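# Residue-level structure breakdown
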Amino acid sequence: MGFPNKVEVQALTACKRHCCLCERHVKTKMELHHIKQKSKGGKDTFENCIPLCLECHAEVGFYNNEHPKGKKYSENELKKRRDDFYRRIEDGFMNIETLSEIDYEKFISFKADVIDILEEIIDTDFAAEPFRFSLTDEVMEIVEKWRKRRNSFGDVKIESIKDKSIHQLECLNRYFHGINDYFHLINGDTLIFNNHPLEKLEELKRETIAIRHSLNELLKEIDNY
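As the structure is a prediction and not an experimental result, all values here were calculated from the model.

What counts and how
Residues numbered from 1 in each chain as written. Predicted model: local features only at pLDDT ≥ 70, side-chain atom pairs only at ≥ 80, totals over all residues. Heavy atoms only, no water. Patch = residues over 30% accessible without salt bridge, like charges linked within 9 Å, V, L, I, M, F, W, Y side chains within 5 Å. Areas by Shrake-Rupley, 256 points an atom, 1.4 Å probe, with all protein chains shown as cover. Salt bridge = Lys/Arg side-chain N within 4 Å of Asp/Glu carboxyl O. Lys, Arg positive; Asp, Glu negative; His and termini not counted. Charge placed at Lys NZ, Arg CZ, Asp CG, Glu CD. Helix = DSSP H or I, 4+ residues; strand = E, 2+ residues; numbered from the N terminus. Buried < 20%, exposed > 50% of the residue type's maximum accessible area, 1.4 Å probe, protein only. Phe/Tyr/Trp six-rings, centres within 6.5 Å; stacked < 30°, edge-to-face > 60°. Core = buried A, V, L, I, M, F, W, Y, C linked by side-chain atoms within 4.5 Å. Contact = heavy atoms within 4.5 Å. Polar contact = N/O pair within 3.5 Å; in protein donor to acceptor, adjacent residues only side chain to side chain. Axes fitted to C-alpha atoms, helices over the stretch in contact; angles between N-to-C directions. Left-handed = near helix turned anticlockwise from the far one by under 90°.

A surface patch of like charges, here negative, comprises Asp116, Glu119, Asp123, Glu129 and Asp223. The element contributing the most residues to the negative patch is helix H4 (residues 101-123), with 3 residues. As for its placement among the helices and strands, Glu119 is situated in helix H4. Accessibility expressed as a relative area gives 36% for Glu119, which makes it partly exposed.

Structure (structure tokens):
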């Protein structure tokens, strides 16, 4: 006997038909596994249920304790993996495999364009560290490319992430152009902020920290795909 229909619906809704181990979106190719086997007193409850794809279910279910090889999935591990995955689903996790072919190809291109430059911006303290003179030009190239209508996404969530990323990059560039006179060039290709006036330095810290924090949160969203 399997799980009651109410439990099945609750579990499949919670995982949005993703496997809780490999995290693939497998649609109908799913099975519901008893974390604690019924032969050992496990119940047909939501708490004792973990949705798995066919391959992961076979991997979890087949383990010979008499001839152990590798490490068996424990009940505690299965519960933690499931609960962590359910939380990520609630927080907006989306699997890239669910995207249309067009959105998939665009998203791969978008990630290739923005990941490195977002990480560079996030890791740079612009009020204290030198940064590349060409950075602002590269940011504007990304903004101009992904503002074009042909680079819009059909997926509403990814389009929102893209728009928010581009907006923050525009804010950073506009801010730098507004305080351009307070930087000086070193070694021919690197900018660094002058130590004066002090009020501009404090303003730079506040503005860039806020932008870097927003971009860091967006980078986490991008990494969820």
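On to the packing of aromatic side chains, then. For the coordinates displayed, the defined rule picks out 7 aromatic pairs. Considering the side-chain rings of Phe126 and Phe131, the 5.0 Å spacing of their centres and the 80° angle between planes classify their relative orientation as edge-to-face. Phe126 gets classed as buried once you look at its relative accessible area, which sits at 0%. Relative to Phe153, the ring of Trp146 lies with its centre 6.1 Å away and its plane at 0°, an arrangement referred to as stacked. A single burial state applies to Trp146 and to Phe153, both of which are buried.

This part takes up the nonpolar core. One finds Phe107, Ile121, Leu169, Phe176, Leu215 and Ile222 to be the most contacted residues of the largest nonpolar core, which totals 35 residues. Among the elements of the structure, H4, helix H5 (135-147), helix H6 (156-178) and helix H7 (198-223) are those that each provide at least two residues to this core. The leading source of residues in this core is H4, at 8 residues. In contact with Leu169, other than residues within four places in its own chain, are Leu118, Ile121, Val139, Ile142, Val143 and Leu215.

Structurally, the position occupied by Thr124 is in the loop between H4 and strand S3 (131-132). By relative accessible area, Thr124 is classed as buried at 9%. At 2.6 Å, the side chain of Thr124 forms a polar contact with the backbone oxygen of Glu120. With near-sequence residues (within four places) excluded, Thr124 lies in contact with Glu129, Pro130, Phe131 and Arg212.

Even without being glycine, Arg17 reaches a positive phi, approximately 60°. Among the structural elements, Arg17 can be located in the loop between helix H1 (5-15) and strand S1 (30-34). Phi is positive for Lys27, which is not a glycine, with a value near 55°. Tracing the chain through its elements places Lys27 in the loop between H1 and S1. On the basis of relative accessible area, Lys27 is assigned to the exposed category, the value being 53%.

Another point: the environment of Gly42. As for its position among the elements, Gly42 is in the loop between S1 and strand S2 (49-53). Overall, the relative accessible area of 9% leaves Gly42 in the buried class. Setting aside residues no more than four positions away along its own chain, Gly42 makes contact with Lys36, Gln37 and Asn48.

Turning our eyes to something else, we now look at the packing of H4 against H6. At a minimum axis separation of 12 Å, H4 and H6 run at an interaxial angle of 40°. Remark: the crossing between H4 and H6 carries left-handed chirality. Contact residues: Phe107, Phe110, Leu118 and Ile121 in H4; Ile158, Lys162, Ser165, Leu169 and Leu172 in H6.

None of the figures reported here should be taken as evidence of function without further support.
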